Amino acid sequence: MCGSTYSLIVSGTGNNNFIPMKKGEEADFLSWYRPRLRGKLSVAIKYFNKIYSTGCSVREKPGGRFTILAGALGFGAKVGPAPDAEQSLTFGGQASVEADTGFESDTVKINIPQDAWLSVRLRIRAEEDLELPSTDESASSGYRDGLRTLNVLRPNLVSCDAYHDQTIVFFGDSITQGARTATDKYEAWTHRTALALPPTTSVINLGMGWSRAYDAAANGIFLDLAKAGDKVIICFGVNDINSADRTGEEIIGDLKTVARLLRENNPAVDIIQCTVPPFNMDKRREEQRRIVNRAVLAGEISPKVFDIASILEEADGRVRPEFMSSSDDSHPNGLGGRAVADVLTKLLMKGEL
């Protein structure tokens, strides 16, 4: 899907939510990103018109028919409702196209100034009453009709033609996506790591709020995208335990399935399995987390392990208070993101993972 092209952004933009729209309704969506490369680039976007995972909707549920009335790439010195400059996108040579299963833009040349932000604008019209697959993303800005909102139609991939010697995929849930970190600060562990890696490494963030190991094990679009990675860093488990109430044994089975499917696709793939991060669970659920983590640390899923839990948790398995997004939210904040990224980046740069 994107193995031969370079992923320009590090935001998690999987379709984990939807936007209800009535037939004939129009909306203008603007999303912002900190690009890994700037200067003269040839850029394209891609969108898959279906829900990736369970959460707000049904996994693999297709979206309805809509028309892209106009699309544009832009940039700005700061994030806001109006980019400093925009350049129109085309789709198969056309400025407007109906999207049924999804869409892919033509490549457009754009010169992104140093330190500028990248924007993507998509103006659409619903051709039937529909639930538009969208991204619920708190770590990077989005706008609908000029108003700030978390739930935005975003391109699932923003790619460019650039040399790279490997592709790393972060594959997980909201903790991987960067949920609850400060907007546009790129403080999540995945964001910090991706931005610290050499520009010759392409990075795709498939972190997505509410996703679970069994979503990945279903071998649908979610896993298909992960198959683009030469190195896949897997971090599922919190939602399986906390909201799906699955047992440790079930999660271990799903993680083994994910690893097997990735290896069947590419026997040379490098799989790094993360321990399940702490999430201040009740006693019964905490025991399931520990069951999974004992298996992970024993190398049952992959011989390469990143013990993210040990960085974020106290001795009793609770999240270290200074790493919590708020007193009642166990998602890692920017300090937690830095603590994890500092360790992971060093291990990756040294070739130890």
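Thresholds, definitions, all that
- Residues numbered from 1 in each chain as written.
- Predicted model: local features only at pLDDT ≥ 70, side-chain atom pairs only at ≥ 80, totals over all residues.
- Heavy atoms only, no water.
- Helix = DSSP H or I, 4+ residues; strand = E, 2+ residues; numbered from the N terminus.
- Rg over C-alpha atoms; globule rule 2.2 N^0.38 Å.
- Contact = heavy atoms within 4.5 Å.
- Lys, Arg positive; Asp, Glu negative; His and termini not counted.
- Charge placed at Lys NZ, Arg CZ, Asp CG, Glu CD.
- Disulfide = S-S within 2.5 Å.
- Buried < 20%, exposed > 50% of the residue type's maximum accessible area, 1.4 Å probe, protein only.
- Axes fitted to C-alpha atoms, helices over the stretch in contact; angles between N-to-C directions.
- Parallel < 35°, antiparallel > 145°, perpendicular 65-115°, else oblique.
- Left-handed = near helix turned anticlockwise from the far one by under 90°.
- Nonpolar A, V, L, I, M, F, W, Y, C, P; charged D, E, K, R; others polar.
- Core = buried A, V, L, I, M, F, W, Y, C linked by side-chain atoms within 4.5 Å.
- Phe/Tyr/Trp six-rings, centres within 6.5 Å; stacked < 30°, edge-to-face > 60°.
- Pairing = 2+ DSSP bridges.
- Salt bridge = Lys/Arg side-chain N within 4 Å of Asp/Glu carboxyl O.
- Polar contact = N/O pair within 3.5 Å; in protein donor to acceptor, adjacent residues only side chain to side chain.

Peer 1: Break down the overall build of the protein chain for me, citing the residues and quoting the values.
Peer 2: A tally of regular secondary structure across the protein chain gives nine helices and 22 strands. The C-alpha radius of gyration of the protein chain comes to 19 Å, within 12% of the 20 Å expected for a compact globule of 353 residues. On the principal axes, the C-alpha backbone points of the protein chain span a range of 55 × 40 × 40 Å. For the protein chain, the proportion of contacts with a sequence separation of at least 24, taken over those separated by at least 6, is 79%. Between the averaged position of the 41 positive side-chain charges in the protein chain and that of its 46 negative side-chain charges there is a distance of 2 Å.

Peer 1: Lay out the state of the cysteines with the relevant residues and their values.
Peer 2: Under the counting rule described, the total for this entry stands at zero disulfides. The closest cysteine sulfur to the non-disulfide-bonded cysteine 235 is located on cysteine 274, 4.4 Å from its own sulfur. On the accessibility criterion, cysteine 235 (0% relative accessible area) is buried.

Peer 1: Can you lay out the packing of helix 6 (residues 248-265) against helix 7 (residues 283-297) for me, pointing to particular residues and giving the numbers?
Peer 2: At a closest axis distance of 8 Å, the pairing of helix 6 and helix 7 adopts a crossing angle of 40°. When the axes of helix 6 and helix 7 are compared, the pair comes out oblique. The interaxial crossing formed by helix 6 with helix 7 has right-handed handedness. Contact residues: helix 6 offers Gly248, Glu249, Ile251, Ile252 and Leu255, while helix 7 offers Gln288, Ile291, Val292 and Ala295. For the contact of helix 6 with helix 7, the class distribution of residues is six nonpolar, two polar and one charged.

Peer 1: Got a sec to walk through the nonpolar core? Specific residues and values, please.
Peer 2: Core analysis: the largest hydrophobic core is formed by 104 residues, its most contacted members being Leu132, Phe171 and Trp189. Ranked by the residues each element gives to this core, the list is headed by helix 6, at seven residues. Apart from residues no more than four positions distant in its own chain, leucine 132 is found in contact with Asn17, Phe18, Ile19, Met21, Phe29, Tyr47, Phe66, Ile124 and Leu153.

Peer 1: Give me the packing of aromatic side chains: which residues, what numbers.
Peer 2: Throughout the structure, instances matching the rule amount to ten aromatic pairs. When the centroid spacing of 5.8 Å and the interplanar angle of 55° are considered together, the rings of tryptophan 117 and tyrosine 186 count as tilted. Taken together, the residues span a long stretch of sequence, with tryptophan 117 in strand 10 (residues 117-126) and tyrosine 186 in the loop between helix 1 (174-177) and helix 2 (189-196) at a distance of 69 residues. As far as burial versus exposure is concerned, tryptophan 117 and tyrosine 186 are alike and both buried. With a centroid separation of 4.8 Å and 70° between ring planes, the pair formed by phenylalanine 171 and phenylalanine 222 is classed as edge-to-face.

Peer 1: Could you give an account of the sheet that holds strand 19 (residues 270-274), with specific residues and numbers?
Peer 2: Ordered by their spatial adjacency, five strands build an open sheet running 17-16-18-19-20, and the pairing between neighbours is parallel. Among the strands making up the open sheet, the edge pair consists of strand 17 (201-207) and strand 20 (304-306). Averaged over all neighbouring strand pairs, the angle between strand axes comes to 20°, with direction disregarded. Note that strand 19 and strand 20 share three bridges and pair parallel.

Peer 1: Account for the sheet that holds strand 14 (residues 151-152), naming residues and giving values.
Peer 2: One open sheet accounts for three strands, arranged 2-11-14; its pairing is antiparallel. Sheet topology places strand 2 (17-21) and strand 14 at the edges, where each strand pairs with a single neighbour. Pairing of strand 11 (residues 130-136) with strand 14 involves two bridges; the strand directions are antiparallel. Its bridge partner lying in strand 14, aspartate 136 is registered against asparagine 151.

Peer 1: Tell me about the pattern of salt bridges, and please be specific about residues and values.
Peer 2: Counting across every chain of the model gives 26 salt bridges. Where arginine 65 meets glutamate 98, a salt bridge forms, and the shortest distance between an N and an O atom there is 3.5 Å. Note that arginine 65 is positioned in the loop between strand 4 (39-48) and strand 5 (66-76) and glutamate 98 in strand 7 (residues 97-99), a separation of 33 residues in sequence. Notably, a salt bridge pairs glutamate 286 with arginine 290, separated by 2.9 Å at the nearest N-O pair. Remark: arginine 290 and glutamate 286 occur in helix 7; sequence separation between them is four residues, near one turn of the helix. Residue glutamate 286 is classed as buried on the basis of its relative accessible area of 9%. The structure contains a network of salt bridges with shared partners spanning Asp245, Asp282, Arg284 and Arg285.

Peer 1: Residue-level account of the side chain of glutamate 286, with values.
Peer 2: Reaching out from glutamate 286, the side chain makes a polar contact with the side chain of arginine 289 at a distance of 2.9 Å. Not counting chain neighbours up to four residues away, the residues in contact with glutamate 286 comprise Met281 and Gly317.

Peer 1: How would you explain unusual backbone geometry if you had to name every residue and give the values?
Peer 2: With a phi close to 75°, aspartate 115 is a non-glycine residue in the positive phi region. Residue placement: aspartate 115 occurs in the loop between strand 9 (108-112) and strand 10. Of the residues examined, aspartate 115 reaches a relative accessible area of 64% and is grouped as exposed. Positioned with a positive phi, asparagine 219 is a non-glycine residue whose angle comes to about 60°. By secondary structure assignment, the location of asparagine 219 is in the loop between helix 3 (213-217) and helix 4 (221-226).

Peer 1: Hey, could you go over the packing of helix 2 against helix 9 (residues 334-349) for me, with residue numbers and the actual values?
Peer 2: Direction vectors running N to C along helix 2 and helix 9 enclose 40°, while the axes themselves pass 7 Å from each other. Looking at the two axes, helix 2 sits oblique to helix 9. Crossing hand, helix 2 versus helix 9: right-handed. Contact with helix 2, carried on its side by Trp189, Arg192, Thr193 and Ala196, involves Gly334, Gly337, Arg338, Val340, Ala341, Leu344, Thr345 and Leu348 of helix 9 and no other residues of that element. Taken together, the residues of the contact of helix 2 with helix 9 sort by class into six nonpolar, four polar and two charged.

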